[in-house]
Amino acid sequence: ASKPVQAAAYKLILDRQVGNKDLHEKVAMVAAGNLATDKAIVHQMSTALQSRMIHYEMEIDHKAWLQWAMENNFDHRILGYINYQPSMLMNFNPDHSDLTFACPRTWEFLNRLVKDKPVGQEISARVSGTVGAGVATTFITFCDVYKDLPSMDKIVADPDGVEVPTEPSTRYAVMTMMVEKFSSSDIGQVIKYLKKFPPEFQIVFLKGATVKHPKLRQENKDFADYV
């Protein structure tokens, strides 16, 4: 905030009063801002205001974000991509020359645009305009992987006969696809296929499946035994 606005807030923040009126005891005051090094529109906080605050500097945690994104039914291709490339959740550089960049806010924008819709070169401009050109290229390439994934029907029908992909990106794609499409009645067959993957990929499925079906472990013996 500008210096005059900061000065006007001193009494509110320290005395918890507006004029002579006290705030309700359950009112919580939380302020958010950007760092000056982010090249955002900021003003230096006055020392008087600094001493009226408790300060925390936040950082990105892709695991916490993925948990939130799964709970909010994000597109499984975005989940797979961030699992595969965690650094792409937030690739902000204050000196960047692109029109935008990838961050939790812009990934949410993109989720609204691509959820349950085809992703390919035909929408590359839209993806680039949302998360930046570089990330858009790798994300669209990642989405191309989904065209060659084994179908859920094939996995359920013949888990022993379906090949396990070797590329890490494809393995992440398979895990998030199965989380999106499996049903509790198919879990026994899905587990047979899962056991052909290294443990770290099985854990990706387990986390997603537990978020999608919170009671699955209590209600399905096959899944409980597997966990």
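It should be emphasised that the depicted structure is a prediction, and the values quoted were computed from it without experimental measurement.

Undergrad: Honestly, the overall build of the protein chain in this entry has me stumped. Any pointers?
TA: When helices and strands are counted, the protein chain shows 13 helices and two strands. Against the globule reference of 17 Å for 227 residues, the protein chain gives a C-alpha radius of gyration of 23 Å, more extended than a compact globule. With respect to the principal axes defined by its C-alpha atoms, the protein chain has extents near 75 × 45 × 25 Å. With 227 residues in all, the protein chain has 35% of them scored as buried. For the protein chain, long-range pairs separated by at least 24 residues make up 65% of all intrachain contacts whose partners lie at least 6 apart in sequence.

Undergrad: Just checking my understanding: could you explain the packing of helix 6 (residues 124-131) against helix 7 (residues 133-145) for this structure?
TA: Geometry of a packed helix pair, given as the angle between the helix axes and the separation of the axes. Where helix 6 contacts helix 7, the two axes come as close as 7 Å, and the packing angle between them is 130°. As the angle between them shows, helix 6 and helix 7 are arranged oblique. Relative to helix 7, helix 6 is oriented so that their crossing is right-handed. Contact residues: helix 6 offers Ser124, Val127, Ser128 and Val131, while helix 7 offers Ala133, Val135, Ala136, Phe139 and Ile140. Residues that form the contact of helix 6 with helix 7 fall into these classes: seven nonpolar, two polar and no charged.

Undergrad: Would you mind going over the pattern of salt bridges with me for this structure?
TA: Working definition: two side chains of opposite charge can pair if their charged atoms are close together. Scanning all chains against the criterion turns up seven salt bridges. A salt bridge links Asp95 to Lys39; the nearest nitrogen and oxygen atoms lie 2.4 Å apart. Residue Asp95 is found in the loop between helix 4 (76-84) and helix 5 (104-114), and its partner Lys39 is found in the loop between strand 2 (21-22) and helix 2 (47-50); the two are separated by 56 residues along the sequence. Of the two residues, Asp95 and Lys39, neither departs from the other in class, the shared state being exposed. Linking Asp225 and Lys221 is a salt bridge whose minimum nitrogen-to-oxygen distance equals 2.7 Å. On the criterion of helical spacing, the pair formed by Asp225 and Lys221 is a turn pair, its members being four residues apart in helix 13 (residues 221-226). Taking relative accessible area as the criterion, Asp225 reaches 53% and is therefore assigned exposed. Under the relative-accessibility criterion, Lys221 is labelled exposed at 61%.

Undergrad: Teacher, can you tell me more about helix 7 here?
TA: Residues separated by three or four positions in an α-helix point in the same direction, a consequence of the helix having 3.6 residues per turn. Over its 13 residues, helix 7 extends 19 Å from the first C-alpha to the last, a length consistent with the 18 Å expected when each residue adds 1.5 Å. Taken together, the buried positions of helix 7 are Val135, Ala136, Phe139, Ile140, Phe142, Cys143 and Val145. Where the residues of helix 7 are buried, they touch helix 4, helix 5, helix 6 and helix 9 (168-181).

What counts and how
- Residues numbered from 1 in each chain as written.
- Predicted model: local features only at pLDDT ≥ 70, side-chain atom pairs only at ≥ 80, totals over all residues.
- Heavy atoms only, no water.
- Helix = DSSP H or I, 4+ residues; strand = E, 2+ residues; numbered from the N terminus.
- Rg over C-alpha atoms; globule rule 2.2 N^0.38 Å.
- Buried < 20%, exposed > 50% of the residue type's maximum accessible area, 1.4 Å probe, protein only.
- Contact = heavy atoms within 4.5 Å.
- Axes fitted to C-alpha atoms, helices over the stretch in contact; angles between N-to-C directions.
- Parallel < 35°, antiparallel > 145°, perpendicular 65-115°, else oblique.
- Left-handed = near helix turned anticlockwise from the far one by under 90°.
- Nonpolar A, V, L, I, M, F, W, Y, C, P; charged D, E, K, R; others polar.
- Salt bridge = Lys/Arg side-chain N within 4 Å of Asp/Glu carboxyl O.
- Expected span 1.5 Å × (residues − 1).

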